[in-house]
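Survey of secondary and tertiary structure
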Amino acid sequence: ALPIYQDKEKAKMIDFKELIANEIYNESLGLTPAEVRSLIEIPADEKMGDYAFPCFRLAKTLRKAPQMIAKDIAGGASGNPAFSKVENVNAYVNFFIDRAYLAGQVITEVNNQGECYGRSDEGRGRKVIVEYSSPNIAKPFHIGHIRSTVIGNAIYKLYDAVGFDVTRINHLGDYGTQFGKMIVAYRKWGSEDELKEDPIKTLLGYYTRFHQEAKKDPSLEDEARQTFVRLEAGEPEEVGLWKKFRELSLAEFNRVYDMLGITFDSYAGESFYSDKMPRFIQELKDKGLLIESQGAQIVDLEEYGMSPAMITKSDGSSLYVTRDIAAAVYRKEHYDFYKCIYVVASQQNLHFRQWKKVLELMGYEWQEDCVHVPFGLVSLADGDDIKMMSTREGTVVFLEDVLNTAVEKTAEIMREKKTDGVDIDAVSKDVGIGAVIFQELSNNRIKDYVFSWDKVLNFDGETGPYVQYTHARASSVLRNASEEDIAAIRDNSCDWSCLTSDSANTLIKLIYRVPEVILEAADKYEPSILTRHLVDVAQAFNKFYHDEHILVEDRDEKLAKLSLVLASKTVIANCLGLLGIKAPERM
């Protein structure tokens, strides 16, 4: 993790809302400074200023018409050098930030902070856990897993960026009746050599065959349940096979995680909590919450509008709710978290509602700090057909295959473009994998969507390759500048009045908003907020690049423009990094 920027004098970017609130505030208004600040708006039309303050709420206290109040406030604030103009329009006071002043503030801030720009200490001293990815052992790591994996990783990076102490947990699906099925299938139809050659596809074949055979012979389901009970009881042969499946699966998963540049602090999956569950089953009994139903143990949630939460099956084996209770209490006791975030598909909404309600009934008030971050499903377009994925039927698209295909397709595109002086193998990996991640994170997480190669690898649309190419373009401009010029802009020795054009001002305002956007994306668990803003920054940079000649004869103008190019490059790289995407210097 990058350090929080330490030099508070340099790190404190001017807060224009706070500046305006200070200009407006006095005790006679009947509002606190914070209330004054909260009323400040950003007008939809830039012609109405960069910020606006409505005076309607003050009319009753000051016993004046809002238009008159606005006129008085505008007159009192017009002498501040931060504003090029302050005017009243009807009941509003409109503030226009001086463009040169804004450019100096923002660009100096970015170029001083560098890779720390956008970071803050909002969460300092507080612990956050993010649980994400969490694939099932002995099953394929398929395209459907990408959403939890990359959304969770972006949420981790966002919370880390705003100062929280974050622990990343991969809560592996390494327990449950499916392992009884896998063990039965392996014993009946498996071979050691086959398993070693291609572990996951072989295990998928066994799992698929089990379900096909179980349709003809339902007794296989009973055999699988009994096998899982023996696994829970610690029978050596079952445990040995389970460990083998787990190790082979992790080796396969880690190959994909390496491609994505993702690591975890803990791989404590469901099995980790197997010896911790009896404590909570007993606690549920002691608190009178358990009811027997057809041999199973349940918590009745009917009065809360939910179906029962099953704690143990009739054969005594555990379920997801039981293991998740044990996991949550362990994490609270072990980490004392401020917030525990679960990045899990919206299909599990009911499970999380049931589980939180059971924790609440058990008396664990901190369950309110456990947050389910749901997301929609992804399907894969194949021509006009959309393939929905099913592990049981064997109709899955392996995530590793998708990532490799993205890299290959990107390399083909780059060769067609006859890119000179570029390491195509290295850059196509960064761009291809980055394109897949960006596609995931550009969609609002709650929506279902169809994965499309044409959209993912478009170098011109609102895509990862477009943003990465913008970074490479900024890098190219800076490479064409002299060492003397680069040294001068790093000292912020610039005439900021050279950056007052519309295209420069629009870009600077978007850069200014980046720290606020990062905070909002973290607060809402929504990486797409940052992704969309990053596209806006890239588009604004490209407009600036096309509208303005940068390496001009006039040195003052050239240095100011190069400073903005450097700031843009820094911000694009920082934001891509928070999404888990590389920023190539050349493309």
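As the structure is a prediction and not an experimental result, all values here were calculated from the model.

Rules used throughout
Residues numbered from 1 in each chain as written. Predicted model: local features only at pLDDT ≥ 70, side-chain atom pairs only at ≥ 80, totals over all residues. Heavy atoms only, no water. Pairing = 2+ DSSP bridges. Helix = DSSP H or I, 4+ residues; strand = E, 2+ residues; numbered from the N terminus. Axes fitted to C-alpha atoms, helices over the stretch in contact; angles between N-to-C directions. Expected span 1.5 Å × (residues − 1). Buried < 20%, exposed > 50% of the residue type's maximum accessible area, 1.4 Å probe, protein only. Contact = heavy atoms within 4.5 Å. Core = buried A, V, L, I, M, F, W, Y, C linked by side-chain atoms within 4.5 Å. Patch = residues over 30% accessible without salt bridge, like charges linked within 9 Å, V, L, I, M, F, W, Y side chains within 5 Å. Areas by Shrake-Rupley, 256 points an atom, 1.4 Å probe, with all protein chains shown as cover. Salt bridge = Lys/Arg side-chain N within 4 Å of Asp/Glu carboxyl O. Lys, Arg positive; Asp, Glu negative; His and termini not counted. Charge placed at Lys NZ, Arg CZ, Asp CG, Glu CD. Parallel < 35°, antiparallel > 145°, perpendicular 65-115°, else oblique. Nonpolar A, V, L, I, M, F, W, Y, C, P; charged D, E, K, R; others polar. Left-handed = near helix turned anticlockwise from the far one by under 90°. Right-handed = clockwise from strand over helix to strand, strands pointing away. Disulfide = S-S within 2.5 Å. pLDDT = per-residue confidence, 0-100. Phe/Tyr/Trp six-rings, centres within 6.5 Å; stacked < 30°, edge-to-face > 60°. Lys NZ or Arg CZ within 6 Å of the ring centre and 35° of its normal.

Moving on: the sheet that holds strand E7 (residues 296–299). One open sheet accounts for three strands, arranged E6-E7-E8; its pairing is antiparallel. The sheet is open, and its two borders are formed by strand E6 (291–293) and strand E8 (309–312), each paired with just one other strand. When strand polarity is set aside, the average angle formed by the axes of neighbouring strands in this sheet is 45°. Bridging between E7 and E8 involves three bridges; their strand directions are antiparallel. For Ile 298, the partnering residue across the bridge sits in E8 and is Met 310.

Let us look at helix H10 (residues 199–216). When the terminal C-alpha atoms of H10 are compared, their 26 Å separation across 18 residues agrees well with the 26 Å that a helix rising 1.5 Å per residue should span. Within the span of H10, buried status applies to Pro 199, Ile 200, Thr 202, Leu 203, Leu 204, Tyr 206, Tyr 207, Thr 208, Phe 210, His 211 and Ala 214. Tucked inside the fold, the buried residues of H10 contact helix H8 (177–189), helix H9 (192–197), helix H11 (219–232) and helix H12 (236–260).

Within the largest apolar cluster, 152 residues are counted, with the highest numbers of intra-cluster contacts made by Phe 53, Phe 95 and Phe 245. Sequence-distant contacts of Phe 95, that is, excluding residues within four places in its chain, are made with Ile 20, Ile 24, Gly 49, Asp 50, Tyr 51, Phe 53, Ala 77, Phe 83, Lys 85 and Val 86. Among the nonpolar cores identified, the runner-up in size contains 33 residues, and Met 306, Ile 311, Ala 328 and Cys 340 belong to it.

The subject of this paragraph is a negative patch on the surface. Taken together, the side chains of Asp 193, Glu 194, Glu 197 and Asp 198 define an acidic patch exposed on the protein surface. The residue Asp 193 is located in helix H9 in this model.

Overall, the coordinates contain 41 salt bridges when judged by the stated rule. Here Glu 238 ties to Arg 187 by a salt bridge, and the two come within 3.1 Å at their closest N and O atoms. On the criterion of sequence distance, the pair formed by Glu 238 in helix H12 and Arg 187 in helix H8 is long-range, its members being 51 residues apart. According to the relative accessible area criterion, Arg 187 is partly exposed, its value standing at 35%.

Their axes nearest at 9 Å, the elements H10 and H12 cross at an angle of 125°. The pairing of H10 with H12 is recorded here as oblique in orientation. Each of Pro 199, Ile 200 and Leu 203 in H10 lies in contact with H12, whose residues at this interface are Phe 245, Leu 248, Ser 249 and Glu 252. Of the residues contributing to the contact of H10 with H12, the split by class is five nonpolar, one polar and one charged.

With that out of the way, let us pick up the packing of helix H20 (residues 483–490) against helix H24 (residues 555–578). Two elements in contact, H20 and H24, have axes whose closest approach is 9 Å; the angle formed by their N-to-C orientations is 70°. By the angle class used here, H20 and H24 are roughly perpendicular. Every pair of crossing elements has a handedness; the one defined by H20 and H24 is right-handed. Counting all contacts with H20, which are made through Glu 484, Asp 485, Ala 488, Ile 489 and Arg 490, the residues of H24 involved are Arg 555, Lys 558, Leu 559, Leu 562, Ser 563 and Leu 566. The residue inventory of the contact of H20 with H24, partitioned by class, reads five nonpolar, one polar and five charged.

Okay, the pairing of strand E9 (residues 339–343) next. Extensive coverage of E9 is indicated by the burial of five of its five residues. On E9, burial covers both faces: Lys 339, Ile 341 and Val 343 on one face and Cys 340 and Tyr 342 on the other are all buried. With four bridges connecting them, strand E4 (residues 127–131) and E9 associate as parallel partners. Paired with Val 128 across the two strands is Lys 339, which belongs to E9. By the bridge criterion, four bridges tie E9 to strand E10 (residues 370–373) in an arrangement that is parallel. The partner of Cys 340 across the bridge, within E10, is Cys 370. You can see the chain leave E9, run along helix H15 (residues 349–361) and come back into E10, and the turn it takes is right-handed.

Glancing now at the sheet that holds E10. With parallel pairing, four strands are arranged side by side in an open sheet as E5-E4-E9-E10. Bordering the open sheet on either side are strand E5 (165–169) and E10, each of which pairs with just one other strand. The sheet shows a mean angle of 20° between the axes of neighbouring strands, direction not considered. Along the sheet, helix H7 (residues 146–161) contacts E4, E5, E9 and E10; its crossing angle with E9, the most-contacted strand, is approximately 155°. H15 rests against E9 and E10 of the sheet, and its axis sits at about 170° to E10.

So, about the state of the cysteines. Per the counting criterion, the structure on display carries zero disulfides. Of the cysteine sulfurs around Cys 370, a residue in no disulfide, the closest is that of Cys 340, at 5.1 Å. The buried category is assigned to Cys 370, whose relative accessible area is 1%. Between Cys 575, a cysteine without a disulfide, and Cys 116, which holds the nearest cysteine sulfur, the sulfur-to-sulfur distance is 13 Å.

Our focus in this paragraph is the confidence of the model for the protein. Scored by pLDDT, the protein comes out at a mean of 91, with 95% of its residues at no less than 70. Note that pLDDT drops below 50 for residues 1–11; the model gives that stretch 24 contacts with residues more than four away or on any other chain. pLDDT under 50 marks residues 383–392. Its contacts with residues more than four places away, or in other chains, come to 30 contacts.

Here the focus is the packing of aromatic side chains. Applying the stated criterion to the full structure yields 26 aromatic pairs. A ring pair is formed by Phe 541 and Phe 544, whose centres lie 6.5 Å apart and whose planes are at 55°; its orientation type is tilted. You can see Phe 541 and its partner Phe 544 sitting in helix H23 (residues 527–547), three residues apart, about one turn around the helix. Here Phe 541 matches Phe 544 in class, with each residue buried. Members of the aromatic cluster, each reached through a chain of ring pairs, are Tyr 132, Phe 141, Phe 253, Tyr 257, Phe 264 and Tyr 267. Directly above the aromatic system of Tyr 156 lies the positively charged group of Arg 168, at a separation of 4.5 Å from the ring centroid. The side chain of Lys 276 reaches across the aromatic face of Phe 272, ending 4.1 Å from its centre.

With 16 residues, helix H14 (residues 320–335) extends 21 Å between its outermost C-alpha atoms, agreeing within 8% with the 22 Å of an ideal straight helix rising 1.5 Å per residue. Considered for burial, the residues of H14 that qualify are Val 321, Thr 322, Arg 323, Asp 324, Ile 325, Ala 326, Ala 327, Ala 328, Val 329, Arg 331 and Lys 332. Directly after H14, the chain includes Asp 336, whose backbone phi takes a positive value near 50°.

A regular strand carries its side chains on alternate faces of the sheet. As judged from the six bridges shared by strand E2 (residues 83–89) and strand E3 (residues 92–97), these two strands associate in the antiparallel manner. Looking at the pairing, Phe 83 lines up with Ile 97 of E3. The turn joining E2 and E3, which pair antiparallel and follow one another in sequence, is formed by two residues; a positive phi near 55° is taken by Asn 90.

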